[in-house]
Amino acid sequence: MALPKSKGWLTEIGVATSRPAAFAVFLVYGIAWITLGNGLEWHSFATLATWGMTLVIQRAEHRDTQAIHAKLDELLKVAGREHLMKVDDEDAEEVESRREEIRRRG
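Residue positions are counted from 1 within each chain, in the order its sequence is given. Owing to the predicted nature of the model, reporting of local features is limited to residues with pLDDT of at least 70; listing and counting of side-chain atom pairs is limited to 80 or more, with chain, interface and lining totals taken over all residues. Based on all heavy atoms of the structure, the side-chain values leave hydrogens and waters out of the count.

Draft legend 1. Seen up close, the layout of surface pockets. Of the pockets and cavities examined, the largest pocket occupies roughly 510 Å³. Lining the largest pocket are 16 residues, with Thr11, Val15, Thr65, Gln66 and Asp88 positioned closest to its centre. Secondary structure elements are defined from DSSP: runs of H or I of at least 4 residues count as helices, runs of E of at least 2 residues count as strands, and each element is numbered from the N terminus. Every element with two or more residues in the lining of the largest pocket is listed here: α1 (6-16), α3 (42-78) and α4 (92-105). Polar here means any residue outside two lists: the nonpolar Ala, Val, Leu, Ile, Met, Phe, Trp, Tyr, Cys and Pro, and the charged Asp, Glu, Lys and Arg; Gly therefore counts as polar. Broken down by class, the residue content of the lining of the largest pocket amounts to four nonpolar, seven polar and five charged. Put plainly, a pocket is an open set of points on a 1 Å grid over the protein atoms alone with protein on both sides within 12 Å along at least five of seven lines, a cavity is a set where a 1.4 Å probe fits but cannot get out, and a lining residue has an atom within 4 Å of a point. Grid points are joined across faces, edges and corners, and a volume is the space filled by probe spheres set on the points. Considered as a void within the structure, the second largest pocket measures approximately 220 Å³ in volume. If you trace the second largest pocket, you find it lined by His69, Leu72, Asp73, Leu76, Leu84, Met85, Val87, Asp88, Val95, Arg98, Arg99 and Ile102. For the lining of the second largest pocket, the secondary structure elements donating two or more residues are α3 and α4. A class-by-class count of the residues in the lining of the second largest pocket yields seven nonpolar, one polar and four charged.

This is how it looks when you write it as structure tokens:
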């Protein structure tokens, strides 16, 4: 179980990796690694390629998630169920326990 203090910053790290600034950090780090290290050897290239693709995937996933949430928020407003929109503010563990509670009731 995550510590109460770690909930917010773990989520923030995930969101930060989907921002354009993460790509800038990646480029600076990659250039420094190639310049100050042993150049662009195969393991350096593989590591940088993996990290770069991880950022691309994270960005695409975050965009898709935000689009889905925007659509769901609009549907919840129309249905008069705005209180369900607050679930987005909860941590993963809280959402999981809420889902388990709903499953037990239904």
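That was the structure; now back to the text.
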